[in-house]
Amino acid sequence: MSQSLVDNPTDPDNPADPTDPAEAAPGLARPVGSGAGPGRWRRVDVRHGLRFLLRRPGLLLSAVVLVLVVLASFRPDLFTSQDPLKGVPSQNFRSPSGTHWFGTDELGRDVFSRVVHGAQLSLKATLIAVLVAFVVGGLLGVVAGFVGRWVDDVLMRFVDVLLSIPALFLSLALVTALGYGTVKVAVAVGIASVAAFARVARAEVLRVRQAVFVEASRSCGARWYSVLGRHVLPNAAGPVIVLATLDFGSSILAVSALSFLGYGAPPPAPEWGTLISDGRNYLANAWWLTALPGLAIAATVLATNRIARALDGEWSRQR
């Protein structure tokens, strides 16, 4: 920009007058007097988000399913008042009905109540697993990508070793070494997912580190921790968060698989995998003992995957 334009911003030879809201370029901040305050932009964003959901009934249904599962894990009394551990032997093997929505098991316990209370145990383990993978894997990826040189080589070879072992086998080995229990199963599943987070975090840090604004910040004398905290991490976190949403569904399956094999909380704890394992012996005369808890797991996994897909590409393309 020439000095004459700076001294005389209202020069008639300058057609792009920044004080004219009608002539302002798209994407630039509006002047204070144009009436486009923060409240207006918030209302626009809310309307845009509602339109985005209403045009995608599958995404809306997925969000509803996930909200119900989260509510069940924190407030199971909102959905059922029955005790998941108390059975009535005279009412065993009752098929699904208005009294017992998911039927009853071999001891007369309400299966719906056990599924609802089991959401707390399964989601607790899943959240711990995703948190372990996110923190440990993200830290390894950030250090490898930002420091580089021999540190990158050492950390990535360690990640390659983790990737060479199937996740379920690695989880089995870890949970055998750590012992049985919900938290130990969650830690084992989280460590098995570290490699994927490390690879994604490293790739994003390498991409952002080469950006022009990062180079400009370094050339201005900014310290390395300032560049990392203000520029690299905020711009590299998006894909890692999307991966965490995707890994949420995978972790539910992994935790349920280990619980199915008997590594989770001991009976009579109603973990989802344990419910399926207990019901497999009665498939011939009580299919609902396995099918309906399995349907709850499948619905939760599909809902999280659908939301992750929306976060990954659909939302950013619609903005």
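Report follows, based on the coordinates.

What counts and how
Residues numbered from 1 in each chain as written. Predicted model: local features only at pLDDT ≥ 70, side-chain atom pairs only at ≥ 80, totals over all residues. Heavy atoms only, no water. Helix = DSSP H or I, 4+ residues; strand = E, 2+ residues; numbered from the N terminus. Buried < 20%, exposed > 50% of the residue type's maximum accessible area, 1.4 Å probe, protein only. Contact = heavy atoms within 4.5 Å. Areas by Shrake-Rupley, 256 points an atom, 1.4 Å probe, with all protein chains shown as cover. Phe/Tyr/Trp six-rings, centres within 6.5 Å; stacked < 30°, edge-to-face > 60°. Core = buried A, V, L, I, M, F, W, Y, C linked by side-chain atoms within 4.5 Å. Axes fitted to C-alpha atoms, helices over the stretch in contact; angles between N-to-C directions. Left-handed = near helix turned anticlockwise from the far one by under 90°. Nonpolar A, V, L, I, M, F, W, Y, C, P; charged D, E, K, R; others polar. Salt bridge = Lys/Arg side-chain N within 4 Å of Asp/Glu carboxyl O. Patch = residues over 30% accessible without salt bridge, like charges linked within 9 Å, V, L, I, M, F, W, Y side chains within 5 Å. Expected span 1.5 Å × (residues − 1). Arc of directions from axis to C-beta.

## So, the overall build of the chain
Then, in step 1: The secondary structure content of the chain amounts to 12 helices and zero strands.
Then, in step 2: Traced from its N-terminal end to its C-terminal end, the chain shows the element sequence α-α-α-α-α-α-α-α-α-α-α-α.
Then, in step 3: Taken across its 319 residues, the chain has 40% of its residues classed as buried.
Then, in step 4: Sequence-distant contacts in the chain: of pairs separated by 6 or more residues, those separated by 24 or more amount to 66%.
Then, in step 5: Accessible area of the chain: about 18,000 Å², with a carbon and sulfur share of 65%.

## Let's talk about the packing of aromatic side chains
Then, in step 1: For the structure on display, the rule yields six aromatic pairs.
Then, in step 2: Considering the side-chain rings of F93 and Y282, the 5.2 Å spacing of their centres and the 55° angle between planes classify their relative orientation as tilted. Residue F93 is located in the loop between α3 (57-74) and α4 (111-147), and its partner Y282 is located in the loop between α11 (272-279) and α12 (288-318); the two are separated by 189 residues in the primary sequence.
Then, in step 3: Judged by relative accessible area, which is 24%, Y282 ranks as partly exposed.
Then, in step 4: A centroid spacing of 6.3 Å and a plane angle of 80° characterise the contact between F134 and F197, whose relative ring orientation is edge-to-face. Residue F134 is found in helix α4, and its partner F197 is found in helix α8 (residues 194-209); the two are separated by 63 residues along the sequence.
Then, in step 5: We classify F134 as partly exposed; its relative accessible area is 33%.
Then, in step 6: Each member of the aromatic cluster is reached from another via a ring pair, and the members are W101, F102 and F112.

## Considerations on the nonpolar core
Then, in step 1: Judged by nonpolar contacts, the single largest core of 27 residues is most densely connected at V115, F197, I252, W272 and I297.
Then, in step 2: Of all elements in the fold, only α3, α4, α8, α10 (224-260), α11 and α12 reach the threshold of two or more residues within this core.
Then, in step 3: Contacts of I297, omitting those with residues within four sequence positions, involve I252, L253, S256, W272 and I276.
Then, in step 4: Core analysis: the second largest hydrophobic core is formed by 12 residues, V159, L170, A195 and A198 among them.

## As for the packing of α4 against helix α5 (residues 149-163)
Relative placement of two packed helices is described by the angle separating their axes and the distance separating the axes.
Then, in step 1: As a packed pair, α4 and α5 sit with axes 7 Å apart at the nearest point and diverge in direction by 145°. Between α4 and α5 lies a crossing whose hand is left-handed. Of the residues in α5, those touching α4 at L140, V143, A144 and V147 are R149, V151, D152, L155, M156 and F158.
Then, in step 2: Along the lines of polarity and charge, the residues of the contact of α4 with α5 split into eight nonpolar, no polar and two charged.

## Describing the pattern of salt bridges
Then, in step 1: Within the structure shown, the criterion is met by seven salt bridges.
Then, in step 2: With its nearest N and O atoms 2.8 Å apart, the salt bridge here joins R202 to D152. Remark: D152 occurs in helix α5 and R202 occurs in helix α8; sequence separation between them is 50 residues.
Then, in step 3: Here R202 falls in the partly exposed class, since its relative accessible area comes to 23%.
Then, in step 4: Where D160 meets R157, a salt bridge forms, and the shortest distance between an N and an O atom there is 3.0 Å. Within this pair, D160 and its partner R157 are both found in helix α5, separated by three residues, close to a single helical turn.
Then, in step 5: Assessed through its relative accessible area of 47%, R157 is described here as partly exposed.

## With respect to a nonpolar patch on the surface
Then, in step 1: Taken together, the side chains of L60, V64, V67, L68, L71 and L78 present a nonpolar region at the surface, about 480 Å² in accessible area.
Then, in step 2: In this fold, L68 is placed in helix α3.

## Comments concerning unusual backbone geometry
Trans peptide bonds make up the majority, and among non-glycine residues the majority have a negative phi.
Then, in step 1: Positive phi is not limited to glycine here, since F93 has a value of about 55°.
Then, in step 2: For F93, a relative accessible area of 25% gives the class partly exposed.

## Notes on helix α6 (residues 167-178)
Then, in step 1: Between its terminal C-alpha atoms α6 stretches 16 Å, which fits the 16 Å expected from 12 residues at 1.5 Å a residue.
Then, in step 2: Along α6, the positions that sit buried rather than exposed are L170, S171 and V175. Buried residues of α6, viewed axially, fall in a sector of 125°; they line one side. Residues of α6 that are exposed and point over 90 degrees away from its buried face: F169, T176 and A177.
Then, in step 3: Positioned one or two residues after α6, G179 has a phi angle of 110°, which is positive.

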